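Below, each chain spelled out in residue letters.
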Amino acid sequence: MQLDMNLLVALDALLDEGSVGGAAARMHVSSPAMSRTLDRIRHMTGDAILVRTGRAMTPTPYALSIQTDVHDVVLRARTVLARQSRFDIAEVERTFTIQCHDALAAALGPPLLAALRKAAPRAVLRMPAESASDAQELRQGQVDLQIGAAVPAHGDVLHEVLGEDRPVVVMRARHPLAGGKLTLRGYAEAEHVTVSRRGRLRDAVDDALAAQGLARRVVAAAPTVAAALAWVAAADLVTLVPERISAGTARSLKLKVMAIPLRTPALPVVVTWHRRHEGDQAHAWLREQVRRVVATLLAPGGA
């Protein structure tokens, strides 16, 4: 039997995506072409690999039993080929896509773009907005890196904790609370803006206040940190944002930054990527640049 490595790559995509359409999009081929490839794999293995259950497709027991082995073989092959080729980041023609929230994009973008323009002038940087579904774009190959606070739950998604920030209270300089020490009761009695891409009006702060026998009044939910800061700059409102990542925007709006008089957990900064990129030298270079820039941002006085 003659081995076709392309069939292994296609099988890896099919098992990872769980659909012909998803695998086709990842491999940049049409769905009919991927269906024909699946037929070839079925003929070669004597197994259905994916079977339709309603509107979805479910892997067979055999497919599940070989999924890890198939992925490992494909990953090792890519690593071997990558090591055989001479790598020069200056010659890379590629679009790097990093997905993160707006405050991090604003802080990370300028130094990262400067590094890219200097070392990889043929590369392009994309920073789309956060997605409502964590890791989906990574798994589909639409995004190179995601940066946020969550540790991924998918076994095929790798991560590294780059550091942590802390939440701080932000308000305009003319806010009645801006002139003195911020007390817990004063904080609770203020009018609040939450930051939530899903429009949530309640978060962990409310639970922490409830444990102290207090409650706050949330009057609005902003979709981004930038929107929340603009809103508190225009009215007597307060919001909670990451201190160092949001420092530049807060300074530009001349906002008052104060410590929150409440025990709150630190905000981790987590970078995630799909393990298909483990043998990708350009991707490794990108991760190193992100690691370096985030370390500078999170250092005392770095932002």
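Refer to the structure above for everything that follows.
To keep things clear, this report deals only with the structure shown in the data block. (Residues numbered from 1 in each chain as written. Predicted model: local features only at pLDDT ≥ 70, side-chain atom pairs only at ≥ 80, totals over all residues. Heavy atoms only, no water.)

**What to know about helix H11 (residues 281–298)**
For clarity, the threshold we go by: Helix and strand definitions follow DSSP, with helices as H or I runs of at least four residues and strands as E runs of at least two, each counted in order from the N terminus. A helix is expected to reach a length of 1.5 Å times the quantity of its residues less one. For each residue, the accessible area found with a 1.4 Å probe, counting protein chains only, is set against the maximum for its type, and the residue is called buried under 20%, exposed over 50%, and partly exposed in between. Residue contacts are counted whenever heavy atoms from the two residues lie within 4.5 Å of one another. In the analysis that follows, any N or O atom pair within 3.5 Å is treated as a polar contact, provided that within protein one partner can donate a hydrogen and the other can accept it, and provided that, for residues neighboring in sequence, both atoms belong to side chains.
Along its 18 residues, H11 runs 26 Å from first to last C-alpha, staying within 8% of the 26 Å computed at 1.5 Å per residue. Those residues of H11 that fall on the buried side of the exposure criterion are Ala282, His283, Trp285, Leu286, Arg287, Gln289, Val290, Val293, Val294, Leu297 and Leu298. Tucked inside the fold, the buried residues of H11 contact strand E3 (95–100), helix H5 (102–119), strand E5 (145–148), strand E6 (157–165) and strand E12 (267–274). For H11, the N-terminal cap is Asp280; the gap from its side-chain oxygen to the backbone nitrogen of Ala282 is 3.1 Å.

**Things to note about the side chain of Arg287**
Secondary-structure assignment places Arg287 in helix H11. Once you skip the residues sitting within four places of it in the chain, Arg287 turns out to touch Leu145, Trp273, His277 and Glu278.

**So, the nonpolar core**
Basically, it comes down to this: Take the buried Ala, Val, Leu, Ile, Met, Phe, Trp, Tyr and Cys residues and link them wherever side-chain atoms come within 4.5 Å; each set so joined is a nonpolar core.
Ranked by internal contacts, the top residues of the largest apolar core, which has 41 residues, are Phe96, Ile147 and Val290. Mapped onto this core, the elements with two or more residues apiece are E3, H5, E5, strand E7 (167–172), strand E9 (217–222), helix H9 (225–234), E12 and H11. If you tally residues by element for this core, the top one is H11, at eight residues. Contact partners of Ile147, with chain neighbours within four places excluded, come to Ile98, Gln99, Cys100, His101, Leu104, Leu108, Val269, Val270, Val271 and Val290. Leu14, Ala23, Ala24 and Ile41 belong to the second largest nonpolar core, which has 21 residues in total.

**Re the pairing of strand E2 (residues 56–59)**
The following threshold applies: DSSP-based pairing: two strands are paired if at least 2 bridges between them are found.
Pairing between strand E1 (residues 50–53) and E2: four bridges, direction antiparallel. In the sheet register, Val51 faces E2, and the bridge partner there is Thr58. Hairpin connection from E1 to E2: two residues lie between these consecutive antiparallel strands, with Gly54 at a positive phi of about 70°.

**Points about the sheet that holds strand E4 (residues 124–126)**
For clarity, the cut-off: Simply put, an axis is a line fit to the C-alpha atoms, just over the touching stretch for a helix, and the angle between two N-to-C directions goes from 0 to 180 degrees.
If you trace the five strands from one edge of the open sheet to the other, you get E4-E3-E5-E12-E6, paired in mixed fashion. The sheet terminates laterally at E4 and E6, the two strands that pair on one side only. For this sheet, the mean inter-axis angle between neighbouring strands, taken without regard to orientation, is 20°. Pairing geometry for E5 and E12, over three bridges, is antiparallel. Bridging across to E12, Ile147 finds its partner in Val271.

Purely geometric stuff here, so don't read any function into it on its own.
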